[in-house]
Every structure is written in C-alpha cells, then in structure tokens.
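# Observations on chain architecture
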Amino acid sequence: MEFCFDLILKEAWKYQALTLPNPAVGALILDKFGKILSLKAHKQAGKPHAEILALQEAYYKLSGDKSILSLEESKEIHKFLKENAKNIFKDCTLYVTLEPCLNEGKTPSCAKLLAELSIKEICIATQDVNKKARGGAEFLENLGMRVIKAWEIKELEGIHKKAKELLIPFARLQKKGAFVLFKYASRLNGSIDGGQISSPKMREFMHNLRSKVDSLLISGKTIREDNPILDVRFATLENKKNPDINILTRMQDFPKTAPLFSVPAREVNIISKVPEFKGFVFCEGGSEFFKTLKPYCDLLLVLITPKFSAEFQKIMQINADCKILHTQSIGEDLALWLQIIN
C-alpha cells in the first residue's frame, strides 16, 4: 500500500504549482491481480483530474477500446465512462493523493463518477482543504463503498503527512489568497555567475512555471546586473503567457532599458516596498533579495546543476534552515522543493 502511495505522490510533484489554482494530485489504478493499469497526475487547472486520467487509461487497458484515448475534456471522459464502463472496474483499486472532489466546478464531480463505476476499493492519502470540494471520501463511504483513509491508519501517518506537504501551495492559496515561491539556481559549489547555469530541460520547466504565475517579483539589482527578458519562450504548456512583473527597488527613475520592458502583453510595475501578495507569486533573485522576502516565502525552490566553476565571483550566501519536501531530476539538473523553517 505504501509503495502505491509513494508512486502517486512522486507523480503529482512533477506538476507541482503548474496546476494552480488547483492542487497537484496523483492517482493510479490496480487490476484484480494488483497490476498497475495506469499512473497519472493532474496537469493543468480546468483539465481532467488525476483520477479521470487514470480511469481513462485503465479503461483502455481493460477493454482494448482505444476510442477513449482520443477524448481530452473532462466532461467527455466522464460521459464516456458512465455509458461504457458500468462493471469494468468492479475488481479494481484506486489510489489517489487527495480525496475525490464532490462539487461540480469546471469539471464534473470525480466522487460521483467513482460511485457510478462501483470501484472495489478507493485508497486516499489526505482530505481536501477546499470547503467547496471536500467530502468526497465521506460521500463514497456513506454509499457503502470500501474507502481506505490514510489519516485514520497509524501505519500510514507518514503518507498522510507527505500528502499534506504536497498540498502546501494549494492550501496557502486557499487560506491566505497567495502562494509565494522563491527560486534560485546554482552550481554544486554555489556559484551563480559566469553564464547559463541550468540545462535546457530545466529552463523548459522554469518557463512552464513562469507561464502559470500571477506575478513575478524581482529585484532592481537583478535587472541592472543581468539585463533579463523573463519571458516564457521555452515553455511547452498550453495557453502559456508572459508573466506580469513587479520590480522591487529603492532607485527613483529606474531605467527601462532591460529587454523585459519590451515583451508584449505584460504589465511591469516598479515598486519601492514589498507588495501585498495575491495569487501565485514567483520570486527570482539573489541572497539580498531572499533576505528581504524570506518572511513572506512559503516554499524555496533550489535548482542545482552538477557542475563546478573555478572562475566565479558570486555565490548564493543564504542563512536559512529548510526541510526537504521533495527532490526531482529534471534533465541534467536537480530541483529541491524546500520548506523554510527559520
């Protein structure tokens, strides 16, 4: 059981923050012999949830009917499964990191679909923090379905804790209306200058993240020293957009010569004090900037490239104690998702 939960947690972390304002969620389905039929994660707000993607692939594996694979919208997949999969999942087990949604939002209710499909067993890592969507576990249980809830089982306390950590960005948005993520990239010796640091795959990952933020906060010093464009030209997601930017600086009459000012369809504001954070706020900068923003940051994203540089003048000098929530390999590099302790 823990093995399956670990799989879906790792799968969900691949899309962390990319799904905002929705939570990152992973799901898998086992057949009656315990074989994994599908392993999926929610990828983008408004698109099919993890459970639906897992059911879609599992249905194909069990039935051989590949027509379901051509469906991309949640409502289409829900409708297809209701009409064609009445008994096909009766011996299957679903694992999911978050209780299936009960409400009808941009997508239909996952909990109500699962009830109609009569899945043998549903194993859930944690409850939903969204008051509108929560209650799916109880709803299914009240219908007489077998529901395993990690938060009620002592042996699964660790899984429940990890599932709650996965929800930190979503929970912060729900609770305070903002999720603040600070990112920096460096080589193994801490050097942060001397040309491009991250690999092409990591740049793609970062540009995908940028395309999902509500605003990008950056220091005036970084603008003056690096002359960045801060666009999303390497992003691969649908509906990508260049982020609006807030430049934090004490300089009056800040020069507007950097390429970022010429990017179309974006708003650039020059501000003199830390703003009131709203939505998904992405922060990029050096150690001085981090020191300023540390009290406001929910998570720290550290990108490490496996290189050393003997010729450098700048290193990231940060004072912070952190807890590692997750590590993932992206291209040649490593991404560390950290929770700041103090």
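Structure first, text after, so check above.
So, a few notes on the structure that sits alongside this text. (Residues numbered from 1 in each chain as written. Predicted model: local features only at pLDDT ≥ 70, side-chain atom pairs only at ≥ 80, totals over all residues. Heavy atoms only, no water.)

We now examine the overall build of the protein. A count of helical and extended segments in the protein gives 10 helices and 13 strands. Taking 2.2 N^0.38 as the reference for a compact globule, 342 residues should give roughly 20 Å; the C-alpha atoms of the protein span a radius of gyration of 22 Å, in line with that estimate. The principal-axis extents of the C-alpha atoms in the protein amount to approximately 65 × 40 × 35 Å. Here the protein holds 342 residues, and 52% of them are scored as buried. Entry remark: accessible area of the protein is about 16,800 Å², with carbon and sulfur atoms responsible for 48%. In the protein, which carries 50 positive and 41 negative side-chain charges, the distance between the mean positions of the two groups comes to 2 Å. (Helix = DSSP H or I, 4+ residues; strand = E, 2+ residues; numbered from the N terminus. Rg over C-alpha atoms; globule rule 2.2 N^0.38 Å. Buried < 20%, exposed > 50% of the residue type's maximum accessible area, 1.4 Å probe, protein only. Areas by Shrake-Rupley, 256 points an atom, 1.4 Å probe, with all protein chains shown as cover. Lys, Arg positive; Asp, Glu negative; His and termini not counted. Charge placed at Lys NZ, Arg CZ, Asp CG, Glu CD.)

A word on the packing of aromatic side chains. For the structure on display, the rule yields 8 aromatic pairs. Members of the aromatic cluster, connected to one another through ring pairs, are Phe179, Phe280 and Phe282. The lysine or arginine in question, arginine 203, covers the ring of phenylalanine 234, its NZ or CZ lying 5.5 Å from the ring centre. (Phe/Tyr/Trp six-rings, centres within 6.5 Å; stacked < 30°, edge-to-face > 60°. Lys NZ or Arg CZ within 6 Å of the ring centre and 35° of its normal.)

This part is about the pattern of salt bridges. Taken as a whole and assessed by the stated rule, the structure comprises 21 salt bridges. Across the salt bridge formed by lysine 14 and glutamate 11, the nearest N and O atoms sit 3.1 Å from each other. Lysine 14 sits in the partly exposed class, given a relative accessible area of 44%. The shortest N-O distance in the salt bridge between glutamate 141 and lysine 149 comes to 2.8 Å. Through salt bridges with shared partners, a single ionic network connects Lys40, Glu57 and Lys61. (Salt bridge = Lys/Arg side-chain N within 4 Å of Asp/Glu carboxyl O.)

The next point concerns the sheet that holds strand β6 (residues 178-187). Taken in spatial order, the 8 strands of this open sheet run β9-β8-β7-β10-β6-β11-β13-β12, and their pairing is mixed. Lying at the two open borders of the sheet, with one neighbouring strand each, are β9 (268-271) and β12 (322-330). The mean inter-strand angle of the sheet, taken between neighbouring strand axes irrespective of direction, is 25°. (Pairing = 2+ DSSP bridges. Axes fitted to C-alpha atoms, helices over the stretch in contact; angles between N-to-C directions.)

Moving on, we come to the sheet that holds strand β2 (residues 36-41). One open sheet accounts for 5 strands, arranged β2-β1-β3-β4-β5; its pairing is mixed. Unpaired on one side and paired on the other, β2 and β5 (146-149) mark the two borders of the sheet. Within the sheet, the average angular offset between the axes of one strand and its neighbour, ignoring direction, is 15°. Here 4 bridges tie strand β4 (residues 121-126) to β5, and the two strands are oriented parallel to one another. From the neighbouring strand, isoleucine 124 faces β5, where its bridge partner is lysine 149. The sheet strands contacting helix α2 (residues 50-63) are β1 (26-30), β2 and β3 (93-98), and the helix crosses β2 at an angle near 150°. (Contact = heavy atoms within 4.5 Å.)

Bringing the packing of helix α1 (residues 2-13) against helix α6 (residues 157-166) into the picture now. Packed helices, taken two at a time, are described by the angle between their axes plus the distance between the axes. Closest axis-to-axis distance for the α1/α6 pair is 11 Å, and the angle between their directions is 10°. It follows that α1 is roughly parallel to α6 by the angle criterion. In this structure, α1 contributes Glu2, Phe5, Asp6, Leu9, Ala12 and Trp13 to the contact, and α6 contributes Ile159, Lys162, Ala163, Glu165 and Leu166. (Parallel < 35°, antiparallel > 145°, perpendicular 65-115°, else oblique.)

Turning to the side chain of serine 186, a few remarks are in order. For serine 186, the position within the fold is in strand β6. Serine 186 sits in the buried class, given a relative accessible area of 3%. With sequence-adjacent residues up to four places away left out, serine 186 is seen in contact with Ser191, Ile192, Ile197, Leu303, Ile304 and Thr305.

In this fold, threonine 19 is placed in the loop between α1 and β1. Each residue touching threonine 19, except ones within four places of it in the same chain, is listed here: Ala24, His42, Lys43, Gln44 and Ala45.

Turning our eyes to something else, we now look at α2. Its 14 residues give α2 an end-to-end C-alpha distance of 20 Å, which sits within 8% of 20 Å, the value for a rise of 1.5 Å per residue. The complete set of buried residues in α2 reads Ala50, Glu51, Ile52, Leu53, Ala54, Leu55, Gln56, Ala58 and Tyr59. Downstream of α2 by one or two residues, glycine 64 has phi in the positive range, about 80°. (Expected span 1.5 Å × (residues − 1).)

On to the environment of glutamate 116, then. With respect to the helices and strands, the residue glutamate 116 is situated in helix α4 (residues 110-117). Residue classification places glutamate 116 among the partly exposed residues on the basis of a relative accessible area of 36%. Residues glutamate 116 and leucine 81, spaced 35 residues apart in sequence, show a C-alpha to C-alpha distance of 9.3 Å. When near neighbours in sequence (up to four residues on either side) are disregarded, glutamate 116 contacts Lys82 and Lys86.

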